Amino acid sequence: MSRRTRSTLARIGLIAALVIGAGYAALPVLWMLSSSFKPNTDIFAYPPQLIPQNFTWDAYAAIFTDPTKVRFFLNSYFVSLSVTVLTLLVAVLAAFAFSRFDFPFKKVLNVVIVSVQAVPPITLLIPYFGLIVFLGVYNTYQGLILTYLVFTLPYAIIMMTGYFNTLPRELDEAVKVDGGSSWTALWRILVPVSVPGLVSVGIYTFMIAWNEYLFALTLTKTPEMRTVPIGIQLLMGQHSYEWNQMMSMSILGCIPILLLFLFFQRYFIGGMTAGAVKN
Amino acid sequence: MARRAALLQALPSPAAESDGGQDRLRAVRRGAVPFGYLSPTVVLLMILMVIPIVMVIGYSLMDNVIMKKNPQLVGFKHYIDILTSDTFWSAASNTAFFTVVSVVAHLVIGLLFALMLNSPLLGGRTKAVFRTIYVLPWLFTVAIIAVLWRLLLDPNGVVNYLLTTTGLTGTQIEWLSSPETALFAVTFINIWSGYPFYMTSLLAGLQGIPGDYYEAAEVDGANAWQQFARITVPQLKPIIISMALLDFIWTTQQFALIWMTTGGGPLGTTEMLSTFTYKLAFTKYQFGTASAAAVIVLTISMVLAFFYVRAQRARD
């Protein structure tokens, strides 16, 4: 066999393997999309239809015309955006301190921040439940936003510190020479040039908040406070399963993440894998 | 699950700032500046971490906490109750199975896909298309993944259709509701949802291996397998170790997927440490016992995190 035919064969084999892999990754997702356009009675039609025979927007209409279900989305957007803004604000301040100052207990604080990320959510949930009831924020936005910060802050601080460390100190020195404070240096100089880092951290933070399930399940109670992940579960009724609506809500629920991924693919993957790949 | 992507790496250390010859008062004021920037973080960490952990340890030694008003100290009673209960040990063994199989499968599938996507036989465009497809499961939250797979694995669902029409199985299998298959089914779902994290990281790692390593090996007559075993694997080893440990920590904590697919059933065959703890607290309202379970889970995670931080240090 010549080198050329061998490489052609290898290529065909590779493409075949890639297509099989793509089926594994994507067919379930296609099935979700297709089911969201079916009437609920066709969900288990025999034989299964990958392309809906009775194509309908009903499942989407059912979501958009039900104020409770629209509210799930509004709640999710509100909570996730608030968490993102707060996280970025607090993390920028902390990262500035870590990157530009030396202070006592720096190592201790560092270890605490790092280890927070390994603490199981279920362990925190029990005292949070007590605390949230005590603070009177059970079943409120504040309760969710506050507790989500425990997931988002450590990562955001670590990422932003890394980002600030890549910026030369001469930048803030210049401000000091002109008589400006460190506060001016941070907001006038460092933050404006850190936009890529902020986008990366922001996307990641938004995703955590958008996807969170355990705290949303436990720390909220009434339907008007529920977020999308819980809303999807609420469609699994006692007697009937609205499969088509669950699928349309799932599609709508992944749209923000999908858009973030498509528009910010580089930041997205860069941010997510920063820990695993040494930079 | 998104939390997957959180990192346990140490904060990068900045250059030390020397501050000689300053007068004392200014030094003190300067010393206060970083704490001003850190104060929101410190306050939040106190409320969200330090106090809750002290609380949960306290609860674990007491009876009648949270829901009742007369807490009493009972010492290690709850720990003894848990460590002598069969449910706990079966949850622990389910968690171990679920975690080990998931981590190994994530690694194998992630590496396989990364190697395929990194092949020089493919054009840039083909790579980009397949990479986007392969990342898909990552873009869905656990709640969505759970309902989607409940639909797919329904006795009348499409998976059973494919298996029965191709003759691989004779009858429709109730994947998530029969005790023989449920644990395998949830593990399978978790594998599907988790491999893209590895794939993306390993792909970045592969692209970082200098091409001349392979050229040199080629000159020395090394075949593809030898190149893989002698160059690729050793070069990726640090990434593999940290990802596997991270994944190990997160998978032992998995809750939402189990809760929304099987709820720990049937007959406790998919009960995990997380669902076990959750049920103690929020369906049985035994907050003392639940807290003891939560502290045990915390200890396991901390031990794993210790190894992770050590592996991370060794890399730097």
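Residues numbered from 1 in each chain as written. Chains lettered and ligands numbered in written order. Predicted model: local features only at pLDDT ≥ 70, side-chain atom pairs only at ≥ 80, totals over all residues. Heavy atoms only, no water.

**As for the overall build of chain A**
Moving on, step 1. Within chain A, the regular secondary structure consists of 13 helices and zero strands.
Moving on, step 2. When its helices and strands are written in sequence order, chain A yields α-α-α-α-α-α-α-α-α-α-α-α-α.
Moving on, step 3. Its C-alpha atoms give chain A a radius of gyration of 24 Å, clearly above 19 Å, the size a compact globule of 279 residues would have.
Moving on, step 4. Overall, chain A is about 75 × 70 × 35 Å in size when its C-alpha atoms are taken along their principal axes.
Moving on, step 5. Burial status across chain A gives 58% buried among its 279 residues.
Moving on, step 6. Taking contacts inside chain A between residues at least 6 apart in sequence as the whole, the part at least 24 apart equals 72%. (Helix = DSSP H or I, 4+ residues; strand = E, 2+ residues; numbered from the N terminus. Rg over C-alpha atoms; globule rule 2.2 N^0.38 Å. Buried < 20%, exposed > 50% of the residue type's maximum accessible area, 1.4 Å probe, protein only. Contact = heavy atoms within 4.5 Å.)

**Notes on the overall build of chain B**
Moving on, step 1. A tally of regular secondary structure across chain B gives twelve helices and two strands.
Moving on, step 2. Helices (α) and strands (β) of chain B occur, in sequence order from the N terminus, as α-β-β-α-α-α-α-α-α-α-α-α-α-α.
Moving on, step 3. Taking as baseline every contact in chain B between residues at least 6 positions apart, the subset at least 24 positions apart corresponds to 67%.
Moving on, step 4. Here chain B displays about 14200 Å² of accessible surface, and carbon together with sulfur accounts for 65% of that area. (Areas by Shrake-Rupley, 256 points an atom, 1.4 Å probe, with all protein chains shown as cover.)

**Some words on unusual backbone geometry**
Moving on, step 1. In this structure, Pro47(A) follows Tyr46(A) across a cis peptide bond, with omega equal to -5°.
Moving on, step 2. Inspection of the secondary structure puts Pro47(A) in the loop between helix H1 (3-35) and helix H2 (58-64).
Moving on, step 3. Here the amide bond leading from Gly265(B) into Pro266(B) is cis, since omega sits at -10°, within 30 degrees of zero.
Moving on, step 4. Structurally, Pro266(B) can be placed in the loop between helix H10 (256-261) and helix H11 (273-282).
Moving on, step 5. At Phe105(A), a position not held by glycine, the phi torsion is positive, near 65°.

**Let's talk about the domain arrangement of chain B**
Residues and elements named next belong to chain B.
Moving on, step 1. As far as domains go, chain B holds domain 1 (20-60) and domain 2 (77-315).
Moving on, step 2. The distance between the C-alpha centroids of domain 1 and domain 2 comes to 36 Å.
Moving on, step 3. Across the boundary between the two partners, domain 1 contributes five residues, which contact eight residues of domain 2.
Moving on, step 4. Both sides of the domain 1 and domain 2 interface together cover about 470 Å² of buried area, and 72% of this is carbon and sulfur.
Moving on, step 5. Contact with domain 2 buries surface across domain 1, with Val-56, Tyr-59 and Ser-60 losing the most and accounting together for 80% of the total.
Moving on, step 6. At the surface where domain 1 touches domain 2, the tally comes to zero salt bridges.
Moving on, step 7. In this structure, the connection of domain 1 to domain 2 is made through one residue pair in polar contact (both at pLDDT 80 or more).
Moving on, step 8. The class makeup of the residues in the side of domain 1 that touches domain 2 is four nonpolar, one polar and no charged. (Domains from an automatic or database assignment. Buried area = accessible area lost by both parts, 1.4 Å probe. Salt bridge = Lys/Arg side-chain N within 4 Å of Asp/Glu carboxyl O. Polar contact = N/O pair within 3.5 Å; in protein donor to acceptor, adjacent residues only side chain to side chain. Nonpolar A, V, L, I, M, F, W, Y, C, P; charged D, E, K, R; others polar.)

**Thoughts on helix H9 (residues 224-252) of chain B**
Moving on, step 1. The terminal C-alpha atoms of H9(B) lie 36 Å apart, and with 29 residues this falls more than 12% below the ideal 42 Å at 1.5 Å per residue.
Moving on, step 2. Residue Lys237(B) marks the point of greatest curvature in H9(B), where the axis turns by about 50°; the proline Pro238(B) follows within four residues. (Expected span 1.5 Å × (residues − 1). Bend = angle between axes of the 7 residues up to and from the residue.)

**Remarks on the interface of chain A and chain B**
Moving on, step 1. Of the residues lining the interface, 108 residues belong to chain A; the matching set on chain B comes to 105 residues.
Moving on, step 2. Three residues stand out in chain A for area buried against chain B, namely Leu18(A), Tyr24(A) and Ile126(A), and they jointly supply 8% of the buried area on that side.
Moving on, step 3. Our count for the chain A to chain B interface comes out at zero salt bridges.
Moving on, step 4. Across the contact surface, chain A and chain B share eleven residue pairs in polar contact (both at pLDDT 80 or more).
Moving on, step 5. For the side of chain A that touches chain B, the class distribution of residues is 79 nonpolar, 22 polar and seven charged.

**Looking at the packing of helix H4 (residues 106-116) of chain A against helix H6 (residues 141-165) of chain A**
All names here are of chain A.
Moving on, step 1. One way to put it is that H4 packs onto H6 with a least axis distance of 8 Å and a crossing angle of 125°. Taken together, the axis directions place H4 and H6 in an arrangement best described as oblique. Between H4 and H6 lies a crossing whose hand is left-handed. On the side of H4, the interface is formed by Ile-113, Val-114 and Val-116, while H6 contributes Val-150, Pro-154, Ile-157 and Ile-158. (Axes fitted to C-alpha atoms, helices over the stretch in contact; angles between N-to-C directions. Parallel < 35°, antiparallel > 145°, perpendicular 65-115°, else oblique. Left-handed = near helix turned anticlockwise from the far one by under 90°.)

**Concerning helix H5 (residues 121-135) of chain A**
Residues and elements named next belong to chain A.
Moving on, step 1. Helix length check: H5, at 15 residues, gives a terminal C-alpha distance of 19 Å against a target of 21 Å (1.5 Å per residue), a fit within 8%.
Moving on, step 2. If you look at H5, its biggest bend is around 30°, right at Pro-127.
Moving on, step 3. Buried residues dominate H5, accounting for twelve of its 15 residues.
Moving on, step 4. Backbone geometry just after H5 places Gly-136 at a positive phi near 70°.

**Concerning the packing of helix H3 (residues 67-100) of chain A against helix H8 (residues 182-193) of chain A**
Residue and element names in this part refer to chain A.
Moving on, step 1. One can describe the packing of H3 onto H8 by two numbers: an axis separation of 12 Å at closest approach and a directional angle of 110°. Taken as axis vectors, H3 and H8 run roughly perpendicular relative to one another. Only Ser-182, Trp-183, Leu-186, Trp-187, Leu-190 and Val-191 of H8 make contact with H3, whose side of the interface consists of Leu-89, Val-92, Leu-93, Phe-96 and Arg-100.
Moving on, step 2. In terms of residue class, the contact of H3 with H8 is made up of nine nonpolar, one polar and one charged.

**Here we look at the packing of aromatic side chains**
Geometry of an aromatic ring pair is reported as the spacing of the ring centres plus the angle between the planes.
Moving on, step 1. According to the stated counting rule, one finds 47 aromatic pairs over all chains in the structure shown.
Moving on, step 2. Note on Phe130(B) and Tyr134(B): the rings are 6.2 Å apart at their centroids and 55° apart in plane angle, and the pair reads as tilted. Taken together, the positions of Phe130(B) and Tyr134(B), both in helix H4 (residues 124-135) and four residues apart, correspond to about one turn of that helix.
Moving on, step 3. Connected via pairs of aromatic rings, a cluster forms that spans Phe129(A), Tyr138(A), Tyr213(A), Phe255(B), Trp259(B), Tyr278(B), Phe282(B), Tyr285(B) and Phe287(B). (Phe/Tyr/Trp six-rings, centres within 6.5 Å; stacked < 30°, edge-to-face > 60°.)

**Looking at the confidence of the model for chain B**
Residues and elements named next belong to chain B.
Moving on, step 1. Residues at a pLDDT of 70 or more form 90% of chain B, whose mean pLDDT is 86.
Moving on, step 2. This model gives residues 1-10 a pLDDT under 50, and the stretch forms 52 contacts once residues within four places in sequence are excluded.
Moving on, step 3. pLDDT under 50 marks residues 14-21. Its contacts with residues more than four places away, or in other chains, come to 13 contacts. (pLDDT = per-residue confidence, 0-100.)

**Observations regarding the side chain of Gln254(B)**
Residue and element names in this part refer to chain B.
Moving on, step 1. With respect to the secondary-structure elements, Gln-254 resides in the loop between H9 and H10.
Moving on, step 2. Looking at Gln-254, its side chain comes within polar contact range of the main-chain nitrogen of Ala-256, at 3.4 Å.
Moving on, step 3. Only 3.3 Å separates the side chain of Gln-254 from the backbone nitrogen of Leu-257, close enough to count as a polar contact.

**Comments concerning the environment of Val186(B)**
All names here are of chain B.
Moving on, step 1. With respect to the element layout, Val-186 can be found in helix H7 (residues 182-207).
Moving on, step 2. When its relative accessible area of 0% is taken as the criterion, Val-186 is described as buried.
Moving on, step 3. Each C-alpha atom of the pair Val-186 and Ser-102 lies 9.9 Å from the other, and the pair is 84 residues apart in sequence.
Moving on, step 4. Apart from residues no more than four positions distant in its own chain, Val-186 is found in contact with Phe-98, Leu-176, Leu-257, Ile-258, Thr-261, Thr-262 and Thr-270.

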